[in-house]
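Close look at the chain arrangement
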Amino acid sequence: MHLFFPNKRKVWKVGEVAGLSHAELTSLFERRRIPAGTPILLDLAMRPVEPVSSWFRKIALSARFVRVRPEE
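Remember, it's a predicted structure, so these values are computed and weren't measured experimentally. (Residues numbered from 1 in each chain as written. Predicted model: local features only at pLDDT ≥ 70, side-chain atom pairs only at ≥ 80, totals over all residues. Heavy atoms only, no water.)

Moving on: the overall build of the protein. Each helix and strand counted, the protein has 3 helices and 2 strands in total. In the protein, the succession of α and β elements from N to C terminus is β-α-α-β-α. Per-residue burial over the protein gives 18% buried out of 72 residues. Considering only contacts in the protein between residues 6 or more positions apart, those separated by 24 or more positions represent 65%. Put simply, the protein shows about 5,700 Å² of open surface, and 62% of that area lies on carbon and sulfur atoms. (Helix = DSSP H or I, 4+ residues; strand = E, 2+ residues; numbered from the N terminus. Buried < 20%, exposed > 50% of the residue type's maximum accessible area, 1.4 Å probe, protein only. Contact = heavy atoms within 4.5 Å. Areas by Shrake-Rupley, 256 points an atom, 1.4 Å probe, with all protein chains shown as cover.)

Not every positive phi belongs to a glycine, and Met46 is a case in point at roughly 65 degrees. Structurally, Met46 can be placed in the loop between β2 (40-42) and α3 (52-61). Exposure remark for Met46: the relative accessible area of 45% places this residue in the partly exposed category.

Okay, the confidence of the model for the protein next. Summing up the model confidence of the protein, the mean pLDDT is 77 and the portion of residues at 70 or higher is 86%. The secondary structure element of the protein with the lowest average pLDDT is α3, at 75, and the one with the highest is strand β1 (residues 2-4), at 86. (pLDDT = per-residue confidence, 0-100.)

With that out of the way, let us pick up α3. Looking only at α3, the buried set comprises Ser53, Phe56 and Ala60. Looking straight down α3, one finds that the buried residues subtend no more than 60 degrees of arc, so they occupy a single side. Projecting away from the buried face of α3 at angles above 90 degrees are the exposed residues Trp55 and Lys58. (Arc of directions from axis to C-beta.)

Written out as structure tokens, the structure reads:
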């Protein structure tokens with residue numbers, strides 16, 4: 001399993017994302033609002049591990065969210 005933490009600033013630092021224009025990427029970030037620092041657990045096929053991923057998302061979207069890992 002792999003543990004990831006979304007961070008928009010790191011994506012913008014990379015510059016271009018293959019297959020997506022700057023406008024498409026901005027639109028994607030607006031539609032898919034996952035707070036930075038939300039833990040995302042993926043299996044070996046890079047699919048979300050349930051129910052843990054949904055639970056992490058629910059906590060992140062609630063007011064009780066405490067950052068698990070400091071911003072880099």
